[in-house]
Each structure stands twice: as structure tokens, then as C-alpha cells.
Amino acid sequence: MSQVWTRKRAGTDSTPRSKSFSTAAVVRNPVSNRPQIHQIELPLSWAEESKLPGSVPEWTEVYLIDGDPLTLIDTGVCSAASRATLETAFEALGHGLADVGRVVLTHAHRDHFGLVESLRACGAELECCVHEADAEGVERFSDLVRDRLDGMKPLFREFGVPESVLARLYAARLRGLAVEDAEGERTSVDRRLVEGDRIEWKDWGLTVMHSPGHTSGHILLEDAEAGLLFTGDQIMGQAVPHAENFYLDETVDPKDPLRRRPRFRGLVEMRRSLRRLRGRRDKLLLPGYGGVIRRPDRSIRDTLLYYDVRIHRIDRGLRHLAVMGQDVTAYELWKALFLPGIPIDGAGDEHLEAMHSQLLLVIGALDCLEEDDLLVTERRPDGVFTHHHR
Ligand SMILES: [Zn+2]
């Protein structure tokens, strides 16, 4: 998951539901010249748990592709409701869950790979395919989620978050781990994909495009002949994706004068991935959320614009704090932009819940400004990074 939910955009379409078999299973054939592609809606549990009804989606979209092998693109979360809905949809299409011969995962988030092992438990002798950079996230699910959570502490510490706030933030994230653990499970991977690989059937196929940012191994699947792109969480109908940001290594980069540990800079990667998609002539995007996207170029530009606007705002915030003579850290920027007028001790749990993704956005924007050669980063004696314009 990890998306920012926005209101419905023009050019997206979650109707018509061409075949509604029951209230629990919705299947569409979104592409007239590719009748083998079925889009299936699977329920999510976090919509019920959300404090803000309607603020998160109630379902995710997966794709069943008829052919040999019978193939699923993404699976939904590991839950009884999701599995039962998938089974109902399969039955309506004349299949059983044990018939799945291949699963292709757009990325290593539990709402995309959660049911793979359940399918195997049903008897499916399937090949599980995921990009090589996301394979560990699937095979070491739970451990890796915890490792990344632990890695949040040194990351946020370096970007200026005080220990007392860090402890509260960590405790809040730890509570969320129980939900994550329940909706995914360790999943073995059979094929590690790379850019340009083909997912093939007898007379057609999809080409793998590596599109990092949301995760390091996120992929898109392209059918150039039909003008189709399966976009996972990279381009969605009603949301923009968060960008991941984590350390890649325990040891510092010897070439970096600031002695930083190498990091996956998700927003820098995401911006590069999105720019690569501009000007494409796809007819349809088939996302993991948001139905069917019928105005692809606009959705791609909207997602890029969403981030460009925020990077610009963070850039302006940096200038403002610098003019006031402040020592500018990512944490000070976050407080100025996202917590105006509220002392941190008075910030409630709702602020802390949002803080994690907001801080990652600030750090990602600083990464982009550094990438654009607009920003100088320095390290204070206490190890914290400060930032100023060139
Ligand atoms: Zn995701």
C-alpha cells in the first residue's frame, strides 16, 4: 500500500462493471481487443479500520489472464474475504484457484503478493515472478518490514528528528506492524525479473519495464501492440504512490565526503521513472487501484505534477527558514510545513501517523533538490544533516 489518496480524477473509470457475478466479486473485461484480460476487484480490510471513512479504497484490482499458463497479475491481501472473492470470480470465469500457473507481482507490497502462498496451498503449481530488486521483500516479508522500520531510526535521526519524537513515532509504527503481518506472508519466488524480460503466452506477451520509486523493484507490464500498460501502484486512478526511502548498506559510502550510508532515494527514482513515461501513446492503463485509466498521459502528468508542486513548496520552505537564520534540517522543515503553530509535545497521534510519510516526502524532496544541484547538504558535529541553497 502506501499511497496518498486523492479525489477521483478525470480520465479514470471504475465503471461499467461489465459482469457483476455477486456483490462479493466484480470482474470486468476492460480491453475489447484483449478479451483474455479480466480485471477483478478484491476487498481490503484496512478500509474498515480507517478512522476516516472513504479516505482509503475498499478494494484493489488484480488481473486474471486466460491462456497457458493461467496467469494472475498481483493477488490482493492475504485474508479470508480476499481469497473467497477471488475464488468466486475464478468460478464465474470457469477456473479454480488451483489452475493458476503463474503469478506476476508488480511489487513487494502485501496488497499485491498476499495470496500467493494461499494459492499454492490450494494446489496451484505456480511460478511466482517478481523483479529481482523486490524479491527479498517477498521472500523475507515481515523480517524485512521490521528491518526497514528499525532503519527508520538512524535515517530520521540523521535528518534531525529528536529522540523523544523518534520514540513516539517508532511506537506508533510498531502498532501498525501487527496489521501488516496478518495481511502478508513469506512467499517464495521462482523467477527474478529484470528490465526487458518477457511474460509470454502462445501468441502474445507482456514486456517488463523496471519503474523504481514506490519500491526499488516496482515493474510495469507493457503490451505495446494493444497500447496497454499494467501500472501497479506507480500510476493509479485515485491516488499517487509514496516513494520508499531506506538504507542499502550498513557501511558508509567511502566516496561521499559526508560519510553517508548509501540509500534508496525513492522520490528521485520515482521522478525519473515518471519522466520516462511522458509522451507515451498508451490507450489504457490498468492499475492496482482506481479501475481503468482511460487518459493515460494525463494521469502520468498529474502524478508528476503532484510531486513537482510539493518539491517546489519544500524548496520555498527551505528558503523561508534560511532567511530567518534557522539551521535547516528536514525535521525543522517538516514542522514548519506540516505542523504550523503546534508545539511538537502537543501533537496528537494523528500528526504522528502522518509524520512518517510527510518526513519521507521532505527527505525525498531534499534528495531531488540535491540531485538537481540546487542544494548543499552539510553534517553538523552531532551528525545531523543541514541544508541550504547553492
Ligand atoms: Zn504498493
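Being a predicted model, the structure only gives us computed values, none of them experimental. (Residues numbered from 1 in each chain as written. Predicted model: local features only at pLDDT ≥ 70, side-chain atom pairs only at ≥ 80, totals over all residues.)

## Quick notes on the environment of Leu-115
The residue Leu-115 is located in the loop between helix H3 (110–113) and helix H4 (116–121) in this model. A tally of 31 C-beta atoms within 10 Å means that Leu-115 is categorised as buried. Sequence spacing of Leu-115 and Leu-86 is 29 residues, and the spatial spacing of their C-alpha atoms is 9.6 Å. Once you skip the residues sitting within four places of it in the chain, Leu-115 turns out to touch Thr-75, Gly-76, Cys-78, Ser-82, Arg-83 and Leu-86. (Helix = DSSP H or I, 4+ residues; strand = E, 2+ residues; numbered from the N terminus. Buried ≥ 20, exposed ≤ 12 C-beta atoms within 10 Å, placed from the backbone. Contact = placed C-beta atoms within 7 Å.)

## Some remarks on the nonpolar core
Tyr-63, Val-103, Val-130, Ala-330, Leu-333, Val-362 and Ala-365 are the most contacted members of the largest nonpolar core, which totals 89 residues. Considering every element that reaches this core, the biggest residue donor is helix H11 (residues 349–371), with ten residues. Setting aside chain neighbours within four positions, we find Ala-330 in contact with Phe-159, Gly-160, Leu-359, Val-362, Ile-363 and Leu-366. (Core = buried A, V, L, I, M, F, W, Y, C linked by C-beta atoms within 7 Å.)

## Observations regarding the pairing of strand S9 (residues 127–131)
Counting buried positions over the five residues of S9 gives four, a clear majority of the element. The pairing of strand S8 (residues 102–104) with S9 spans three bridges and is classified as parallel. Across the sheet, residue Val-104 finds its bridge partner in S9, namely Cys-129. Two strands pair when backbone bridges link them, and S9 and strand S10 (residues 191–193) are joined in this way by three bridges, in the parallel orientation. By the bridge assignment, Val-130 is partnered in S10 with Arg-192. (Pairing = 2+ DSSP bridges.)

## Section: unusual backbone geometry
For the bond running from Asp-68 to Pro-69, omega is 5°, close enough to zero to count as cis. Locating Pro-69 in the fold gives a position in the loop between strand S6 (59–65) and strand S7 (71–73).

## Let's talk about the packing of helix H8 (residues 266–277) against H11
At a closest axis distance of 7 Å, the pairing of H8 and H11 adopts a crossing angle of 65°. Contact residues: H8 offers Gly-266, Leu-267, Val-268 and Arg-271, while H11 offers Gly-364, Ala-365, Asp-367, Cys-368 and Glu-371. (Axes fitted to C-alpha atoms, helices over the stretch in contact; angles between N-to-C directions.)

## Focus: the pairing of strand S20 (residues 375–379)
Two strands pair when backbone bridges link them, and S20 and strand S21 (residues 385–389) are joined in this way by five bridges, in the antiparallel orientation. Note that in S21 the partner of Thr-377 across the bridge is His-387. Once S20 ends, the chain turns through five residues before running back antiparallel as S21, passing Gly-383 with a positive phi of about 95°.

## Looking at H11
Relative to the 33 Å expected for 23 residues at 1.5 Å per residue, H11 spans 33 Å between its end C-alpha atoms, a close match to the ideal helical length. Largest kink in H11: about 40°, centred on Met-355. Among all positions of H11, only Met-355, Leu-359, Leu-360, Leu-361, Val-362, Ile-363, Gly-364, Ala-365, Leu-366, Asp-367, Cys-368 and Leu-369 are buried. A positive phi of about 65° marks Asp-373, the residue just after H11. (Expected span 1.5 Å × (residues − 1). Bend = angle between axes of the 7 residues up to and from the residue.)

## Describing the packing of helix H9 (residues 296–323) against H11
In contact at an axis separation of 9 Å, H9 and H11 are set at 85° when each is read in the N-to-C sense. Classed by the angle they form, the pair H9 and H11 counts as roughly perpendicular. Mapping the contact onto sequence places Arg-310, Ile-311, Ile-314 and Asp-315 in H9 and Leu-361, Val-362, Ala-365, Cys-368 and Leu-369 in H11. (Parallel < 35°, antiparallel > 145°, perpendicular 65-115°, else oblique.)

## Topic: the confidence of the model for the protein
The predicted coordinates ought not to be read in detail in places where the model reports low pLDDT. Confidence in the prediction for the protein averages 89 pLDDT; 91% of positions are at 70 or higher. For the stretch residues 7–11, pLDDT sits under 50, and the model shows eleven contacts to residues farther than four places along the chain or on other chains. When the criterion is pLDDT under 50, residues 14–23 qualifies, and its contacts beyond four places in sequence or with other chains add up to 15 contacts. (pLDDT = per-residue confidence, 0-100.)

## Quick look at the environment of Leu-169
Within the secondary structure, Leu-169 sits in helix H7 (residues 163–183). Overall, Leu-169 belongs to the partly exposed group, with 19 C-beta atoms counted inside 10 Å. Linking Leu-169 and His-351, residues 182 residues apart in sequence, is a C-alpha distance of 9.7 Å. Once residues lying within four places of it in the same chain are set aside, the contact partners of Leu-169 are Leu-352, Met-355 and His-356.

## Here we look at helix H2 (residues 80–92)
The α-helix advances 3.6 residues per turn, and as a result positions three or four apart in sequence lie on the same side. Compared with an ideal rise of 1.5 Å per residue, which puts 13 residues at 18 Å, H2 spans 18 Å between its outermost C-alpha atoms and is within 8% of the ideal. What H2 keeps buried is the set Ser-82, Arg-83, Thr-85, Leu-86, Ala-89 and Phe-90. Along the axis of H2, the buried residues cluster in a sector spanning 165°; they form a single face. Looking one or two residues past H2, Gly-94 carries a phi angle of roughly 85°, positive in sign. (Arc of directions from axis to C-beta.)

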